[in-house]
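What the coordinates show
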Amino acid sequence: MKKLIAILLTLCMAVALGSAAFADGDMMEKKTEADTIYVGVYGYTLANCDPISSRNTAVISQVYDSLFYVDHSGEKAEIKPLLAESYEYEENDNGGWTLHLHLRENATFASGTPITANDVLESARSIVDSGNSTYVASINWDESYIEGDYDVYFVLNNYDPILLQAMCHLFFGVVNQEWKAGASEEDWWDNIDESGPFTVEEMVNGSHAKLKVRDDYWGWGVISDRPSYDYMVIKYYSEASTMIVDFENGALDYVSNVQRNDVERILSDGLEHSTLDLIETGAVIDLILPEYVEQLQDINVRKAIASVMDVAGITNAVWGSLATPCDGYISNMNSDYKIVFGVNEPDLEAAKDYMAQSAYPEGFDLHMVIKNVEADQNFATILKAELAEIGIGLDLEEAEMSVAIGKFRAGETDLMMNQFSSMAYPSNIYNNRMSDTTLIPCLISDEGVQENLVIGRTTPDFDTAYEAYEAVQNFQHDNTTEVPICEILCGVLYRDYVDASRSGSYLLSGVYDFRFLDLKTE
């Protein structure tokens, strides 16, 4: 589920500095306090610590425990129990499924109050109350219940293989319900009762959050060892370049969401005593060819569009080192289910032949709505030039993100640049291909595809799910329902005295998880 493309920059500098000293453990001297790790994040705003309504993911992910977590210690990341000590999908009396969780009986909030089944169930119910029910659509809330203090039973409307993945999300951060009942808006900032391994020491708006390691956290020695530091300071940056300057000057030990210019400069020039990781995020970009567009119902037109597109060139021009060209229709994080077809190669002559064989040999015009962000604008500009080579004109309409999404859902675009994310299971990406999709351009109405999508989403049997998703991917490829473009990467940069071997700093939905970072002691 997670692949690291690790560039060991100390070795990249071997010509100037030599590598022997680094092999002997010659690490950079830390310039900030020895008991504190300094983390920089770009593109996020410091906000309160409500796991449902706030987007302060960099802090929330450290101070609340969810039910499961993503373990990055192996070659492939795995979803493992966190507050849920054990779990089991059980067939219930109604012929359906129930997810039974048994909680860790020694887990407490920072106040010392035991974490109970009621805290877990009511924290999860808050997801529905907030309007984020997409994450938990498979749960029957009226029927779900608890037994005693440590057993939670989520009764399901259907078997849901991605529910464990959702339960890693910060939305499932467990909140002390007794504390919540009396909490003010101000309490959500720096007076919370934390369920995770850190407590909030201070939150300075526009600057940073300071967290303290909990010595009494139940997970030390169970999930991981207690880190060697006592404090984590998370600094927020509105300018990516400022964050990198602070890193280079020694004010930061670890930075996430490194931007393209800095990634490519560091890859080219190196940066002493540093490691740059490019982490697959599960976010896949593709060009959707909607069924409702008359011209696109002609398979020769669809094949012409795919044949004229230089996917590798587009990826490099628009995203550079922060993306890799797609060789299939789902994320590399779904490797157990992914069928590899190879990167789409441009062939102008073949594209012209397909157009000549189509019902529209003289060409036609299309209208495309795009979000007014740089990547979308650059992508559309290149696409417009490529389509012009086969006689297809492209009228571009830019809109604010919320407006553009509304137009996508209403089917008011002839082409759509699409991005969706998945981690452990393909159904996250395929939900929008199903008959009940709210994103009309993505619909694949073929009855066989719809049947297989339902099977893939609801079967508990891996082989059955694999066969279903294999059939869907073959249909996409044979019928050119879309053109896969690239998979987005996240850049993280850290000093050689930082142990990031267990850290997954970018998770689904842009969640930052720094809790496994540590400082090397020798």
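This is a predicted model, so every value here is computed, not measured.

**Quick notes on the overall build of the protein**
Of regular secondary structure, the protein possesses 18 helices and 20 strands. Whereas a compact globule of 522 residues would reach a radius of gyration of roughly 24 Å, the protein reaches 24 Å, a difference of no more than 12%. Considering only C-alpha atoms, the protein reaches an extent of 70 × 70 × 40 Å along its principal axes. For the protein, the exposed area adds up to about 21400 Å²; of that, 45% sits on carbon and sulfur atoms. Positive and negative side-chain charges of the protein, numbering 31 and 87 respectively, have mean locations separated by a distance of 4 Å.

**A short note on the packing of helix α12 (residues 311-318) against helix α14 (residues 374-388)**
Viewed as axis vectors pointing N to C, α12 and α14 meet at an angle of 145°, and their least axial separation amounts to 10 Å. Along this stretch, α12 crosses α14, giving a crossing that reads as right-handed. Taken together, the residues of α14 that come into contact with α12 (itself represented by Ile314, Ala317 and Val318) are Ala375, Asn378, Phe379, Ile382 and Glu386. Tallied by class, residues from the contact of α12 with α14 come to six nonpolar, one polar and one charged.

**Structural notes on the pairing of strand β9 (residues 198-204)**
Here β9 pairs with strand β10 (residues 208-213) via six bridges, running antiparallel. When the sheet's bridge partners are listed, Thr199 is paired in β10 with Lys212. Counted along the chain from β9 to the antiparallel partner β10, the turn is three residues long, and its residue Gly206 has a positive phi close to 80°.

**Things to note about the nonpolar core**
Within the largest apolar cluster, 80 residues are counted, with the highest numbers of intra-cluster contacts made by Val59, Leu67, Phe154, Ile234 and Phe514. Per-element accounting of this core gives the leading share, five residues, to helix α5 (residues 117-129). Setting aside its immediate chain neighbours within four residues, Val59 contacts Cys49, Val200, Met203, Ala209, Leu211, Ile234 and Tyr236. Among the nonpolar cores identified, the runner-up in size contains 36 residues, and Met309, Ala323, Leu366 and Ile485 belong to it.

**Re a nonpolar patch on the surface**
On the surface, a cluster of nonpolar side chains totalling about 210 Å² of accessible area is made up of Val373, Met401 and Ile405. Relative to the helices and strands, Val373 resides in the loop between β15 (364-371) and α14.

**A look at a negative patch on the surface**
A contiguous patch of negative charge, built from Glu291, Asp446, Glu447 and Glu451, is present on the exposed surface. Mapped onto the secondary structure, Glu447 falls in helix α17 (residues 447-458). Residue classification places Glu447 among the exposed residues on the basis of a relative accessible area of 69%.

**Some details on the sheet that holds strand β7 (residues 145-147)**
Here four strands make up an open sheet; going across it, the order is β5-β6-β8-β7 and the pairing antiparallel. This sheet does not close on itself; its edge strands, each paired only once, are β5 (84-91) and β7. The mean angle between the axes of side-by-side strands here comes to 20°, regardless of whether they run parallel or antiparallel. Strand direction decides the pairing type here: β7 and strand β8 (residues 151-156), joined by three bridges, are antiparallel. Each bridged residue has a counterpart across the sheet, and for Glu147 the counterpart in β8 is Asp151. Packed onto the sheet, α5 meets β6 (97-103), β7 and β8 and runs at close to 30° relative to β8.

**Brief notes about the confidence of the model for the protein**
Residues with a pLDDT of 70 or more make up 92% of the protein, whose mean pLDDT is 88. Low pLDDT, under 50, characterises residues 1-24; the predicted model gives this stretch 55 contacts beyond four residues in sequence or across chains.

**Regarding the pattern of salt bridges**
Per the counting criterion, the structure on display carries 16 salt bridges. The partner of Glu122 in a salt bridge is Arg125, and the shortest N-O contact between them spans 3.2 Å. Of this pair, Glu122 and Arg125 both sit in helix α5, separated by three residues, roughly a single helical turn. Here Arg125 falls in the partly exposed class, since its relative accessible area comes to 23%.

**Notes on the side chain of Thr36**
Among the secondary structure elements, Thr36 is positioned in strand β2 (residues 36-42). Residue Thr36 is classed as buried on the basis of its relative accessible area of 4%. Among all residues touching Thr36, those that are not within four sequence positions of it are Lys30, Tyr229, Tyr231, Val233, Asp253 and Leu519.

About the thresholds
Residues numbered from 1 in each chain as written. Predicted model: local features only at pLDDT ≥ 70, side-chain atom pairs only at ≥ 80, totals over all residues. Heavy atoms only, no water. Helix = DSSP H or I, 4+ residues; strand = E, 2+ residues; numbered from the N terminus. Rg over C-alpha atoms; globule rule 2.2 N^0.38 Å. Areas by Shrake-Rupley, 256 points an atom, 1.4 Å probe, with all protein chains shown as cover. Lys, Arg positive; Asp, Glu negative; His and termini not counted. Charge placed at Lys NZ, Arg CZ, Asp CG, Glu CD. Axes fitted to C-alpha atoms, helices over the stretch in contact; angles between N-to-C directions. Left-handed = near helix turned anticlockwise from the far one by under 90°. Contact = heavy atoms within 4.5 Å. Nonpolar A, V, L, I, M, F, W, Y, C, P; charged D, E, K, R; others polar. Pairing = 2+ DSSP bridges. Core = buried A, V, L, I, M, F, W, Y, C linked by side-chain atoms within 4.5 Å. Buried < 20%, exposed > 50% of the residue type's maximum accessible area, 1.4 Å probe, protein only. Patch = residues over 30% accessible without salt bridge, like charges linked within 9 Å, V, L, I, M, F, W, Y side chains within 5 Å. Salt bridge = Lys/Arg side-chain N within 4 Å of Asp/Glu carboxyl O. pLDDT = per-residue confidence, 0-100.

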